[in-house]
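Residue-level structural notes
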Amino acid sequence: MNLAQTFEAARPVAQHCAELIRTGPRPEERAQFLAAWRRDVTRELAQDMSPLLSGIRLKVTLSDPEMLTGEQIFERIGEIAANSLMRIGEGEQTVLLSIDLATAVALTDRSFGGEGEVELEQPESLPRSAALLIEEAARIIAQVLTRVSAIGGGVGKAQGDVIVRSENASRLKPFSPETQCALLTLELLHDDPDALVILPWTARLAMPAERLEKLLPGIGSGDAGEGTGSAGPSNGQSAPFGQIPLPLEAVLAEFEMALAKLDRLKPGDQIPFAMAREVPLRIGAQTIARGAIGTVEDRIALRLTSSTSKGAAL
């Protein structure tokens, strides 16, 4: 009796792509990713936009996304505004930035040391100086979005920029009129209670809804390899760990003081101390690097001179 048999598959073996088998975040997780992204964007913009506006201290807010069609967004913007199509990173991720002409002129006035008051009447056209300032503001915003979203390989590897500008948003073709889009309101506020003008300078960010998802660290670009089965071991560069904020401190000096003297301290007292040539950079009690104090533009900076193996593995 010959027991050898040949078996054939009754049907082809199913092949599932990563997009079908990958599970997305739960609604509460997405809300957390979005809140963290908004927080980081506003924090970075408050720092990076300040030099453009004569170095004032800024408070920046970014609203929750409002879901509208592209046509509704074009109607909200109006026929004339200072519109910039920004490239986020090195890929095809684009975001529309729109600022009304009166706000653009007010920001220009603030950049030259004025109060930056927004007039109720819209100018008929944008002055050349205002156009240049808005282009620079758009470039800064694009770079912040690139940096916070870690598009194009992470911090320092991809720079956002401005592709094209137009006073008519629909001419930039950022999305089709029927596309479901996310509209976010960006507000810059002079964070000084004594300022003569405290009304916010307002701008709009608009993009297709799925593009916003790609900008959120932990959902979009950081998850490119999730669900493929080929991801390597997790490290400090991979999601979700790469987006966890860690508090760092640079310790300028450490010294001892008697408790009796400490108890007598009052405003105006001077405490002399010697600063080391190399300042430790710490996470909690762990030193991860050392560096020398210097300046970058108008900011104090730390130039790293050495790093520990533990710090490199974080």
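Just so we're clear, the structure is a prediction, and the values are computed from it rather than from any experiment. (Residues numbered from 1 in each chain as written. Predicted model: local features only at pLDDT ≥ 70, side-chain atom pairs only at ≥ 80, totals over all residues. Heavy atoms only, no water.)

This brings us to the overall build of the protein. Of regular secondary structure, the protein possesses 8 helices and 11 strands. In the protein, buried positions account for 34% of the 314 residues. Pairs at least 24 apart in sequence give 63% of the contacts found in the protein among residues at least 6 apart. With the model as given, the accessible surface of the protein reaches about 19900 Å², and the carbon-plus-sulfur share is 53%. (Helix = DSSP H or I, 4+ residues; strand = E, 2+ residues; numbered from the N terminus. Buried < 20%, exposed > 50% of the residue type's maximum accessible area, 1.4 Å probe, protein only. Contact = heavy atoms within 4.5 Å. Areas by Shrake-Rupley, 256 points an atom, 1.4 Å probe, with all protein chains shown as cover.)

Looking now at the sheet that holds strand 11 (residues 299-307). Pairing is antiparallel in the open sheet, where 4 strands are placed in the order 8-9-10-11. Where the open sheet ends on each side, the last strands, each with one partner, are strand 8 (249-250) and strand 11. Bridge analysis of strand 10 (residues 286-296) against strand 11 gives 8 bridges, and the strand direction is antiparallel. Counterpart to Gly294 in the pairing with strand 11 is Ala301. (Pairing = 2+ DSSP bridges.)

Bringing the nonpolar core into the picture now. In terms of nonpolar packing, the biggest core is built from 47 residues, with Trp37 and Met86 touching the most fellow members. Examining the composition of this core, we find that 12 residues originate from one element, helix 5 (residues 128-149), more than from any other. Excluding its chain neighbours within four sequence positions, the residues that come into contact with Met86 are Gln93, Thr94, Val95, Leu97, Ala138, Ile141, Ala142, Leu145, Asp161, Val162, Ile163 and Leu205. If you look at the next biggest cluster of nonpolar residues, it comprises 13 residues, including Phe74, Ile77, Phe175 and Ala206. (Core = buried A, V, L, I, M, F, W, Y, C linked by side-chain atoms within 4.5 Å.)

The tally for this structure, following the rule as stated, stands at 12 salt bridges. A salt bridge links Arg147 to Asp48, with the shortest nitrogen-to-oxygen separation between them at 2.6 Å. Here the residue Arg147 occupies a position in helix 5, and Asp48 occupies one in helix 2 (residues 27-48), the gap between them amounting to 99 residues. A relative accessible area of 27% places Arg147 in the partly exposed class. Owing to a relative accessible area of 19%, Asp48 belongs among the buried residues under this scheme. Where Asp161 meets Arg87, a salt bridge forms, and the shortest distance between an N and an O atom there is 3.2 Å. (Salt bridge = Lys/Arg side-chain N within 4 Å of Asp/Glu carboxyl O.)

This part takes up helix 2. Think of an α-helix as turning once every 3.6 residues; residues three or four places apart then point the same way. Between its first and last C-alpha atoms helix 2 spans 31 Å; for 22 residues at 1.5 Å apiece the expected length is 32 Å, and the two agree. Every buried residue of helix 2 is accounted for by Leu34, Trp37, Asp40, Val41, Thr42, Leu45, Ala46 and Asp48. Contacts from the buried residues of helix 2 go to strand 1 (58-62), helix 5, strand 6 (180-190), helix 6 (209-215) and strand 11. (Expected span 1.5 Å × (residues − 1).)

Another point: the packing of aromatic side chains. The final tally for this structure, using the stated rule, is 1 aromatic pair. Residues Phe74 and Phe175 carry aromatic rings whose centres are separated by 5.2 Å and whose planes lie at 20° to one another, so their mutual orientation is stacked. Taken together, the positions of Phe74 in helix 3 (residues 70-77) and Phe175 in the loop between strand 5 (161-166) and strand 6 put the pair 101 residues apart, joining distant regions of the chain. Neither residue differs from the other here; Phe74 and Phe175 are each classed as buried. (Phe/Tyr/Trp six-rings, centres within 6.5 Å; stacked < 30°, edge-to-face > 60°.)

Below, the discussion takes up the environment of Gly218. Mapped onto the elements of the fold, Gly218 is located in the loop between helix 6 and strand 8. Given the relative accessible area of 15%, Gly218 is considered buried. Remark: the alpha-carbon pair of Gly218 and Ser149, spanning 69 residues in sequence, is separated by 9.1 Å.

Moving on, we come to the side chain of Gln93. Tracing the chain through its elements places Gln93 in the loop between strand 3 (82-87) and strand 4 (94-99). Residue classification places Gln93 among the buried residues on the basis of a relative accessible area of 16%. Each residue touching Gln93, except ones within four places of it in the same chain, is listed here: Met86, Arg87, Ile88, Arg211 and Lys214.

Further remarks concern unusual backbone geometry. The backbone of Ser54 shows a phi angle near 60°, a positive value even though the residue is not glycine. Looking at where Ser54 falls in the secondary structure, it is placed in the loop between helix 2 and strand 1. Phi is positive for Lys173, which is not a glycine, with a value near 50°. As for its position among the elements, Lys173 is in the loop between strand 5 and strand 6.

Attention now goes to helix 4 (residues 101-111). Counting buried residues along helix 4, 8 of its 11 residues qualify, which places the element largely inside the surrounding structure. For helix 4, the full list of buried residues reads Leu101, Ala102, Thr103, Ala104, Ala106, Leu107, Thr108 and Arg110. Each element contacted by the buried residues of helix 4 is listed here: strand 3, strand 4, helix 5, strand 6 and strand 7 (201-208). Capping the start of helix 4, Asp100 holds a side-chain oxygen 3.2 Å from the backbone nitrogen of Ala102, two or three residues further along. Gly113 occupies a position one or two residues after helix 4 and carries a positive phi of about 95°. (Polar contact = N/O pair within 3.5 Å; in protein donor to acceptor, adjacent residues only side chain to side chain.)

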